[in-house]
Structures are given as C-alpha cells and as structure tokens.
Amino acid sequence: MENSEKFIWKGTEFWTKEIKQSGVFDRLRDFNDVITGKEAPHLKSGYGEPVIQDVTLDGKICDIYHTDHKPSDTGCRIYIHIKG
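Residue positions within a chain follow its written sequence, with the count starting from 1. Residue-level local features of this predicted model are given only where pLDDT is at least 70; pairs of side-chain atoms are given and counted only at 80 or more, and the full residue set underlies all totals for whole chains, interfaces and linings. Based on all heavy atoms of the structure, the side-chain values leave hydrogens and waters out of the count.

Draft legend 1. Region of interest: helix α2 (residues 12-22). Considered for burial, the residues of α2 that qualify are Trp15, Thr16, Glu18 and Ile19. Along the axis of α2, the buried residues cluster in a sector spanning 160 degrees; they form a single face. Across α2 from its buried face, at more than 90 degrees, point the exposed residues Glu13, Lys17 and Gln21. Pairs of residues are marked as contacts when any of their non-hydrogen atoms sit within 4.5 Å. For the purposes of this entry, the term helix denotes a DSSP run of H or I that reaches at least four residues, the term strand denotes a run of E that reaches at least two, and both are numbered from the N terminus. Here the buried face of α2 lies against β1 (33-37), β2 (52-57), β3 (60-66) and β4 (77-82). Positioned one or two residues after α2, Gly23 has a phi angle of 85 degrees, which is positive. Accessible area is worked out with a 1.4 Å probe on protein chains only. A residue is then buried under 20% of its type maximum, exposed over 50%, and partly exposed in between. The reported arc concerns the directions from the helix axis to the C-beta atoms and nothing else.

Given below as structure tokens:
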C-alpha cells in the first residue's frame, strides 16, 4: 500500500473544525497535533483505546484516540482512525 493510500493529510486546523462541527470537541483533552490513518494505531503506540468511537468526520465514520490518558500526560496528539 502506498503512503498516499494509507494516510490522509488535511492538517490540524481542518480536523479541529470537523471535530467541533461533530459536537465532540468538548469530550477531548487538549490537543495541538492530529494524525490520521485508515488503520487503528498499533497497540504499542501509546494511544490505547479510542476516546470517541463512531463519530462522523469529513463524511466518514471515525474513531478518535488521544495520547493523554492521565492528568499529568502532556502528549497533546490525537489519532483519527478513518474507518469508512
């Protein structure tokens, strides 16, 4: 699979707007970086379980993962798994 088929590059500003429009922005901890992919993140990536599941972003069903799990975490990155 080529890199362009596996990842969708639209930028943090675009995805933040999509998350706000979907109504789930307030359910996420702070973030300043967004990574997207058509596969769930690897178990050892540090993302853990999705914090939001089956939300529609950019017209597609997605799960959102976050690097921060505890109050002291400062990763500030989310991963959007574009499922369909």
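Now that the structure has been shown, the text picks up again.
Draft legend 2. Up close: the packing of aromatic side chains. Here is the rule: rings of Phe, Tyr and Trp (six-membered ring for Trp) pair when centre to centre is within 6.5 Å. Planes less than 30 degrees apart are stacked, more than 60 are edge-to-face, and the remainder are tilted. Enumeration over the complete set of coordinates arrives at 4 aromatic pairs. Each ring, one from Tyr47 and one from Tyr79, has its centre 5.6 Å from the other, and the planes form 50 degrees; the classification is tilted. Of this pair, Tyr47 sits in the loop between β1 and β2 while Tyr79 sits in strand β4; the two residues are 32 residues apart in sequence, bridging distant segments of the chain. As far as the burial class goes, Tyr47 and Tyr79 line up, both buried. Centroid distance Tyr65 to Tyr79: 6.2 Å. Interplanar angle 75 degrees. Geometry classified as edge-to-face. Of this pair, Tyr65 sits in strand β3 while Tyr79 sits in strand β4, and the two are 14 residues apart along the sequence. Of the aromatic side chains, those joined through ring pairs into one cluster are Tyr47, Tyr65 and Tyr79. Sitting over the face of the ring of Phe25, Lys20 holds its NZ or CZ atom 4.9 Å from the ring centroid. Counting as a charge over the ring demands two things of the Lys NZ or Arg CZ atom: a distance within 6 Å of the ring centre and an angle within 35 degrees of the ring normal.

Limitation: the analysis is restricted to geometry and does not speak to function.
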